[in-house]
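Here is how the chains run, residue by residue.
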Amino acid sequence: MRQKISTTFKQNEGVRIPSTAVLNKLKLHINDYYKEKVGFNKAEVLDAIDARDKETLRLISKRAAAISSGIYSRLLWYMALLPTYDCIIDPYLKNGEKMVDHKDEINKVMKKALDFTDNLRIHHMASYLAYDVLMNGVSYKLKIDNGNSIVLQDLPIKFCRTRYQINNKDIIEFNVRYFDTIRDEAERKIILSSLPPIFSKEYNRYRNNKLPLDKDRGAWFAVPGELGEVFYLTKDFFPYFVKIIPDILDWEAIKDLNLLKSEQELSKILVQKFAVDKNGELSLSMPEIHQIHQNALDMVGEIEGLDVLTTFADVSVLDLQQKSGFNQSNDPLKNFLNSIYTNAGVSANLFATDGNLALDKSITNDESVMFMLFVEKIQNFINYELNRRFG
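Throughout what follows, the structure given in this document is the object of discussion. Keep in mind that this is a model prediction, so the values were computed, not measured.

## Some points on the sheet that holds strand β4 (residues 169-175)
Across the sheet, which stays open at both edges, the 3 strands sit in the order β3-β4-β5 with antiparallel pairing between neighbours. The sheet is open, and its two borders are formed by β3 (160-166) and β5 (220-222), each paired with just one other strand. Across the sheet, the axes of successive neighbouring strands diverge by a mean angle of 35°, strand direction being ignored. Bridge analysis of β3 against β4 gives 5 bridges, and the strand direction is antiparallel. Bridge assignment links R161 to a residue of β4, and that residue is E173.

## Considering the pairing of strand β1 (residues 138-145)
Most of β1 is tucked away: 6 of the 8 residues are buried. Of the pairings in the sheet, the one linking β1 to strand β6 (residues 228-232) comprises 5 bridges and is antiparallel in character. Pairing of L142 across the sheet is with G228, part of β6. Sheet analysis places β1 next to strand β2 (residues 150-154), joined by 5 bridges and oriented antiparallel. Counterpart to K141 in the pairing with β2 is D154. Turn length for the β1-β2 hairpin, with the two strands adjacent in sequence and antiparallel, is 4 residues, and the turn residue G147 shows positive phi of about 70°.

## Details of the pattern of salt bridges
The full count for this structure, using the stated rule, is 20 salt bridges. A salt bridge links K143 to E385, with the shortest nitrogen-to-oxygen separation between them at 2.6 Å. Here the residue K143 occupies a position in strand β1, and E385 occupies one in helix α12 (residues 359-390), the gap between them amounting to 242 residues. Using a relative accessible area of 0% as the deciding quantity, one classes E385 as buried. The salt bridge partner of K169 is E229, with a shortest N-O separation of 2.7 Å. In this pair, K169 sits in strand β4 while E229 sits in strand β6, placing the two residues 60 residues apart along the sequence. Take K169: its relative accessible area is 10%, and that puts it in the buried class. Each of K143, D145, K169, E229, E385, R388 and R389 takes part in a single network of salt bridges with overlapping partners.

## A closer look at the layout of surface pockets
Estimated volume of the second largest pocket: approximately 900 Å³. Around the second largest pocket, the lining comprises 31 residues; the ones closest to its centre are I89, D90, P91, L386 and N387. Mapped onto the lining of the second largest pocket, the elements with two or more residues apiece are α5 (103-120) and α12. Looking at which element gives the most residues to the lining of the second largest pocket, the answer is α12, with 9 residues.

The rules we used
Residues numbered from 1 in each chain as written. Predicted model: local features only at pLDDT ≥ 70, side-chain atom pairs only at ≥ 80, totals over all residues. Heavy atoms only, no water. Pairing = 2+ DSSP bridges. Helix = DSSP H or I, 4+ residues; strand = E, 2+ residues; numbered from the N terminus. Axes fitted to C-alpha atoms, helices over the stretch in contact; angles between N-to-C directions. Buried < 20%, exposed > 50% of the residue type's maximum accessible area, 1.4 Å probe, protein only. Salt bridge = Lys/Arg side-chain N within 4 Å of Asp/Glu carboxyl O. 1 Å grid on protein atoms, 1.4 Å probe; cavity = no way out; pocket = protein on both sides within 12 Å on 5 of 7 lines; lining within 4 Å. Points joined across faces, edges and corners; volume = space filled by probe spheres on them.

Next up, the structure:
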C-alpha cells in the first residue's frame, strides 16, 4: 500500500533559506578571517572592546598592525611621524643672577646638554616611542645610562603599572613576579644582573617573603624616577585606534569576497540547446549528444573561465544585483574604506589623495592630538634628564 505524502510550502520559504545560507556563509568567512589575522573571532574582538580588556586589545592591536593591507599600521605611523620633535635648549639661572656673569660656565653646560640631546637621537627615539604608545596604549621604559646618553629598554607592560606621581612625574611600579616566568634559573640570573641592582634586591625580598603581596597577588615595588619612564596618550592606557580594527577586518574580508564576485562575473557558460519534437523526444540519441558536448568541450574547454553546458531545457542566468555603470559613488569598497578613516578621525585623502577639501583642517587636528597628548611627555622626559644631569 502506498503511503500518502503531503508537502506544505511556506510563503517565501524558497527565498528565505538561500538568503539565510548566504548570510551565514558571509559571517563564517568574516569570523574565519578575524581568527586568522588577530587570533579572535569578531564577537570576541567586540567583547574585548566593550569590556575594555586592555591586555587582549594590545594583542589584537599588535596583530592588526601586521595585516598586509597596512591600513592600521599606516595610521599608527602617520600619527607617530606627524610631529617634527625639534628641540630647543634654553638655559636659565634659578637664583636670578645675570647670565652674562656666568658665560663660560653656561657655555660648558650648554655644550654637554647639546651633546646629550644629540646622542639621544630624539626624532628617531620619539617616533618609535609614539608608534609603540599608539599601538599598545602605553610604553614602560627602563633608562640605562650610557655615558652621555640614555638607552631606553622595554619593560613588560603586563608587569608594570602607574598609579601616582612624584613632583609631576609618573612613577612606575614593577611586579617582580615577572622573574618567576623565566623558568631557566641561569637565564634569570643573567637578566637580573643586566638590570639595575634594585630589581635583584626587590626580587630577593619577594623570594624571602619580605615584599608584601598586593590584592592582585603581585609583588610590586616603585621604580625610582631616575630609572623609569612611562609614555602614554591617555590615562586609560587604551590602544588609541583599536576601535576601528573591526571596521578594517570587515573591509579586508569583504574585499576578498568582492574579488571572488569579480571572478564569477568574468566566468561564461557556452550553452548548446537541442530541440525536442512535439512528443518531447530528443531528435538525437544520447551518445550523439554526448559526442557533440565533448566536441565543444575539446574546442573551448581550456579557455579560463568558460564552461560548456549541453541541455534540452531553456536555460537562463539571473543576476541578483542590478546592472549599473560603475562610478566612484557606488563603489561599496571605497565607501567602506572611507568610513574607516572617518571613524579613526583622520582624512582618507592623506593616504589616497582625491581632493584637498578640509585636508589642512584634518592635519591640524591630528597635530593637536599628538602635541597635547604625546609631545608634552617627550618634552617632560628630556627636561627631567637635562635638569637632573646639568641643572
